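Structural characterization, general
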Amino acid sequence: MKLLIVDDSSIIRSRIARILSDSRLPQLTIVGMAKNGAEALELFAQTQPELVTMDLTMPEMDGVECTESMAKLNADAGILVVSALSDKATAIKALKKGAKGFLYKPFTDEQLVEALLEMMN
């Protein structure tokens, strides 16, 4: 299963990538990492990932708009919003636009693994 990591923070992108070495997630391959929504959409079209971790607050194109565009390209893609926003309305908007799950930052490694496993089922 292919995964695209989208976050404007290189620290978060690296952390998510590192967590993927967890033995419970052996079937995930990172096909790209994007620092904004515009870059993410380009990578999404090129690599056709089944799973995406999506930040909401990013330059150029935010996560809600990017989620909506990805969902139009592939409604089956599992988009997991990973955001520091405590604003529930924005999270709900992303879910309405096609995201399949939500994980608040800061998150533990365990929470991310569980959220990804849930998205894969």
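We now turn to the structure provided with this report.

The rules behind the values
Residues numbered from 1 in each chain as written. Predicted model: local features only at pLDDT ≥ 70, side-chain atom pairs only at ≥ 80, totals over all residues. Heavy atoms only, no water. Axes fitted to C-alpha atoms, helices over the stretch in contact; angles between N-to-C directions. Helix = DSSP H or I, 4+ residues; strand = E, 2+ residues; numbered from the N terminus. Parallel < 35°, antiparallel > 145°, perpendicular 65-115°, else oblique. Left-handed = near helix turned anticlockwise from the far one by under 90°. Contact = heavy atoms within 4.5 Å. Nonpolar A, V, L, I, M, F, W, Y, C, P; charged D, E, K, R; others polar. Salt bridge = Lys/Arg side-chain N within 4 Å of Asp/Glu carboxyl O. Buried < 20%, exposed > 50% of the residue type's maximum accessible area, 1.4 Å probe, protein only.

**Concerning the packing of helix α2 (residues 37–47) against helix α3 (residues 63–73)**
It is the contact of α2 with α3, at a shortest axis distance of 10 Å, that shows an interaxial angle of 15°. Relative to α3, the element α2 is oriented roughly parallel. Handedness of the crossing formed by α2 with α3: right-handed. Here G37, A40, L41 and F44 of α2 come into contact with α3, specifically with C66, S69, M70 and L73. Counted by class, the contact of α2 with α3 contains 6 nonpolar, 2 polar and no charged residues.

**Re the pattern of salt bridges**
Tallied over the full model, the rule gives 9 salt bridges. A salt bridge links D109 to R18, with the shortest nitrogen-to-oxygen separation between them at 3.6 Å. One end of the pair, D109, is in helix α5 (residues 109–120); the other, R18, is in helix α1 (residues 10–19), with 91 residues separating them in the sequence. By relative accessible area, R18 is classed as partly exposed at 48%.

**Description of the side chain of D55**
Note on placement: D55 falls in the loop between β3 (51–54) and α3. On the accessibility criterion, D55 (3% relative accessible area) is buried.

**Remarks on the packing of α1 against α5**
Viewed as axis vectors pointing N to C, α1 and α5 meet at an angle of 70°, and their least axial separation amounts to 10 Å. Classified by the angle between their axes, α1 and α5 sit roughly perpendicular to one another. Seen from above, α1 lies across α5 with right-handed handedness. Contact with α1, carried on its side by R15, I16, R18 and I19, involves D109, L112 and V113 of α5 and no other residues of that element. For the contact of α1 with α5, the class distribution of residues is 4 nonpolar, no polar and 3 charged.

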